[in-house]
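Examination of the molecular architecture
If you want the building blocks of each chain, they are given just below.
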Amino acid sequence: MPEHTEKTLQAIKFDKNAKTLDILDQLLLPYSTHYISIKTIEDAFQAIKLMQVRGAPAIAIVGAFAVVVDTYSYLQSGKKDKTIKDLFKSIDYLITSRPTAVNLSNALNDIKDLISKKHGLEETSVVDEAVFELIYNYSVALFEDDLANNFKIGDNGLNYIKETLKSEGFKGPFSIVTICNTGSLATSGHGTALGIIRSTYNKLKQSESKEDFYLEHVYPCETRPYNQGAKLTTYELNYEQIPFTLICDNMVSSLVNTLSDKKAIKQIAAPVKFIIVGADRVVKNGDTANKIGTFQLSTIANYFNTNKFEGTTNKIKFIVAAPRTTIDLNTKSGDDIVIEERPANELTTLRGPVLSENGVGEKYTVGIATPGISVWNPAFDVTPHQLIDAIVTEETTVYTKNSEGEFVLTK
Ligand code: MRU
């Protein structure tokens with residue numbers, strides 16, 4: 001195991017001068033913080049597939065920067081044998097590392113379009129400095145825009161939360177449930193769904209809230225089978241000192257019910273008012289692919305809204321937070337989204353370091369299911385737009401439904 005290093009939330013480090021790319025190995029979090037170097041497109045393919053970096057915006061940024069560093073080292077080598085066609089072939093290969101998140105294919109196809117259309121290059125032309133410059137400028141902008149846009153998503157989400165609670169006449173503490181990891185580790189920084197939670201906590205914590213309500217507590221779901229919630233979201237919430245309690249994915253209905261009845265769980269009794277999730281692909285009608293388990297969260301909100309809270313102003317809002325780079329207007333509905341299926345051993349084993357009084361030991365794999373059994377392991381599911389209240393992007397408009405119940409998503 002690598003040695004412990006200082007805790008950090010910086011998932012991606014790109015050195016503009018040296019043109020080097022390092023990523024925080026998310027398989028080792030929260031126990032050790034260790035960066036690995038990405039030198040080639042093949043390195044990026046492996047790191048994305050193995051989920052050493054994950055999260056829709058982060059894999060797109062790493063994919064784009066990998067093309068930068070790969071192309072830079074080719075040019076440094078002095079060789080003159082790589083054609084645009086060769087480059088496009090390796091970019092297409094990189095796109096296949098994870099199929100559901102549209103950000104990766106959007107970014108890499110943008111790079112291809114920029115190269116082929118804007119500069120009218122023939123596919124047989126060799127890769128040169130001008131091509132490098134296009135890739136470099138695009139990738140740096142992708143990283144920087146993502147960071148700026150996440151702060152805007154945070155503000156827009158906060159405003160939506162405030163407006164919702166004001167219109168309900170809600171007063172007092174409230175809670176938020178979230179799933180997977182959608183924070184700094186999944187993006188260039190701040191995050192999307194977790195970005196909204198951060199922005200909301202910073203403006204609406206009890207000591208600082210200028211409103212009649214405040215965010216008291218966050219409930220991150222464990223997020224089986226890969227446990228991004230348990231490992232990564234708790235790491236981020238802990239790092240930022242946002243009060244939270246970890247729950248398993250199958251506890252959400254019970255949690256909402258218990259908190260709405262004001263029975264204290266360890267003295268915490270703020271009702272769940274929002275379930276906020278990220279997205280890997282939002283399609284034209286608003287259907288949203290996100291981490292497996294997201295769909296069931298939306299059905300839970302719907303159940304409580306249409307049963308227990310029917311006839312009251314007290315509702316749970318189901319919010320999707322995503323930058324425009326996650327929106328895919330070329331796909332009509334969720335039925336057309338390709339859902340990535342992951343290996344069986346992610347369900348049948350648990351992997352991690354041995355924890356002892358002496359610290360973190362060697363990596364270990366523990367079996368937790370009958371060996372050799374049939375396993376279904378889709379990484380994502382699709383939440384139908386009917387169950388989504390708002391899609392929060394970086395643009396000032398928060399996409400909500402029109403009178404026909406459809407999301408209006410236009411370029
Ligand atoms: O399999 P992962 O960890 O890449 O899945 C990540 C998610 O589902 C996130 O919610 C999504 O990518 C948005 S991250 C800002």
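Residues numbered from 1 in each chain as written. Predicted model: local features only at pLDDT ≥ 70, side-chain atom pairs only at ≥ 80, totals over all residues.

So, about the site of the ligand. Residues in contact with the ligand amount to 18 residues; listed here are only the nearest, Arg54, Ala56, Ala186, Gly278 and Lys291. Secondary structure elements with two or more residues in the shell around the ligand: helix 2 (56-77) and strand 8 (288-291). The residue inventory of the shell around the ligand, partitioned by class, reads seven nonpolar, eight polar and three charged. (Near = placed C-beta within 6 Å. Helix = DSSP H or I, 4+ residues; strand = E, 2+ residues; numbered from the N terminus. Nonpolar A, V, L, I, M, F, W, Y, C, P; charged D, E, K, R; others polar.)

Judged by pairing direction, the sheet is mixed, and its four strands sit side by side in the order 10-7-8-13 without closing on themselves. Among the strands making up the open sheet, the edge pair consists of strand 10 (327-328) and strand 13 (380-383). Bridge count for strand 7 (residues 281-283) against strand 10 is two bridges, and the pairing is parallel. Looking at strand 10, one finds that Val283 is bridged to Asp328. In the packing of helix 9 (residues 294-306) onto the sheet, contacts are made with strand 8 and strand 13, and the angle to strand 13 comes to roughly 35°. (Pairing = 2+ DSSP bridges. Contact = placed C-beta atoms within 7 Å. Axes fitted to C-alpha atoms, helices over the stretch in contact; angles between N-to-C directions.)

Our next topic: the confidence of the model for the protein chain. Put simply, the protein chain has an average pLDDT of 92, and 95% of its residues get 70 or more. In the predicted assembly, ipTM is 0.99 and pTM is 0.95. (pLDDT = per-residue confidence, 0-100.)

Judged by pairing direction, the sheet is antiparallel, and its three strands sit side by side in the order 1-2-3 without closing on themselves. Edge positions in the open sheet fall to strand 1 (12-15) and strand 3 (35-38), since each of these has one partner strand only. Here the strands of the sheet are splayed against their neighbours by 25° on average, with no regard to which way each runs. Across four bridges, strand 2 (residues 20-24) lies against strand 3 in antiparallel orientation.

Turning to the packing of helix 5 (residues 129-168) against helix 6 (residues 193-204), a few remarks are in order. In the contact formed by helix 5 and helix 6, the axes pass within 8 Å of each other and the chain directions differ by 60°. As judged from the angle between their axes, helix 5 and helix 6 are oblique. The chirality of how helix 5 crosses helix 6 is right-handed. Where helix 5 approaches helix 6, its residues Asn150, Ile153, Gly154, Asp155, Gly157, Leu158 and Ile161 are matched on the opposing element by Gly195, Ile196, Arg198, Ser199, Thr200 and Lys203. Among the residues making up the contact of helix 5 with helix 6, the classes are represented as four nonpolar, six polar and three charged. (Parallel < 35°, antiparallel > 145°, perpendicular 65-115°, else oblique. Left-handed = near helix turned anticlockwise from the far one by under 90°.)

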